[in-house]
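Architecture and fold: a report
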Amino acid sequence: RSLHQEAVRGEGRMLVVAADAGKVEEWLQQAALADVDIAAYNSATSTTVSGPGKQLEALARFARKQRVASVPLQVDYPFHSRALERVREALLSDLG
């Protein structure tokens, strides 16, 4: 799995937002951040997103204006996002 994930290294990042997923999805639409995906529903007050770094920075700024905290994760991969779709077939093939 790691070998295939390496193909998307540097194509995105991850960010934790202190808000429920519904609110985060609403903000993504309002801020026109179409390439950001919900990566994990952590809790009722925490959502992880994944996508291009610039769009995650824009989401963090948007959240800050709403007085909501966010924390970038120290990863160079857009895990749990559509960016991994391009390695899906090869990964499934290798898994047999």
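Since the structure is predicted, the reported quantities are computational estimates derived from the model, not experimental observations.

What counts, and at which threshold
- Residues numbered from 1 in each chain as written.
- Predicted model: local features only at pLDDT ≥ 70, side-chain atom pairs only at ≥ 80, totals over all residues.
- Heavy atoms only, no water.
- Helix = DSSP H or I, 4+ residues; strand = E, 2+ residues; numbered from the N terminus.
- Buried < 20%, exposed > 50% of the residue type's maximum accessible area, 1.4 Å probe, protein only.
- Contact = heavy atoms within 4.5 Å.
- Patch = residues over 30% accessible without salt bridge, like charges linked within 9 Å, V, L, I, M, F, W, Y side chains within 5 Å.
- Areas by Shrake-Rupley, 256 points an atom, 1.4 Å probe, with all protein chains shown as cover.
- Salt bridge = Lys/Arg side-chain N within 4 Å of Asp/Glu carboxyl O.
- Lys, Arg positive; Asp, Glu negative; His and termini not counted.
- Charge placed at Lys NZ, Arg CZ, Asp CG, Glu CD.
- Core = buried A, V, L, I, M, F, W, Y, C linked by side-chain atoms within 4.5 Å.
- Pairing = 2+ DSSP bridges.
- Axes fitted to C-alpha atoms, helices over the stretch in contact; angles between N-to-C directions.
- pLDDT = per-residue confidence, 0-100.

**Notes on the overall build of the chain**
Of regular secondary structure, the chain possesses 4 helices and 4 strands. Of the regular secondary structure in the chain, the N- to C-terminal order runs α-β-α-β-β-α-β-α. Counting across all 96 residues of the chain, residues that qualify as buried make up 39%. Of the contacts formed within the chain by residues at least 6 apart in sequence, a portion of 76% connects residues at least 24 apart.

**Some words on a positive patch on the surface**
A cluster of basic residues, Lys-54, Arg-61, Arg-64 and Lys-65, forms a positive patch at the surface. Inspection of the secondary structure puts Arg-61 in helix H3 (residues 53-65).

**Section: the nonpolar core**
The biggest cluster of nonpolar side chains holds 16 residues, and the ones touching the most others in it are Leu-15, Val-17, Val-24, Trp-27, Leu-28, Val-49 and Leu-59. The element best represented in this core is H3, accounting for 5 residues. With 5 residues, the next largest nonpolar core counts Val-8, Ala-39, Tyr-77 and Phe-79 among its residues.

**Section: the sheet that holds strand E4 (residues 70-73)**
Taking strand neighbours across the sheet as the criterion, the 4 strands line up as E2-E3-E1-E4 in an open arrangement whose pairing is antiparallel. Sheet topology places strand E2 (37-43) and E4 at the edges, where each strand pairs with a single neighbour. Strand-to-strand twist in this sheet, taken as the mean axis angle between neighbours without regard to direction, amounts to 20 degrees. Across 4 bridges, the pairing between strand E1 (residues 13-17) and E4 is antiparallel. Each residue of the ladder has a partner; that of Val-16, found in E4, is Val-71. Sheet contacts for helix H2 (residues 21-30): E1, E2 and strand E3 (46-51); angle to E2, the most-contacted strand, approximately 155 degrees.

**A short note on the confidence of the model for the chain**
Per-chain confidence: the chain averages 88 in pLDDT, with 89% of residues scoring 70 or above. Across the chain, the element-wise mean pLDDT spans from 68 in helix H1 (residues 2-5) up to 97 in E4.

**Remarks on the pairing of E2**
Here E2 runs beside E3; their pairing, made up of 5 bridges, is antiparallel. Looking across to E3, one finds that Ile-38 is bridged to Val-49. Hairpin connection between E2 and E3: a loop of 2 residues separates the two successive antiparallel strands.

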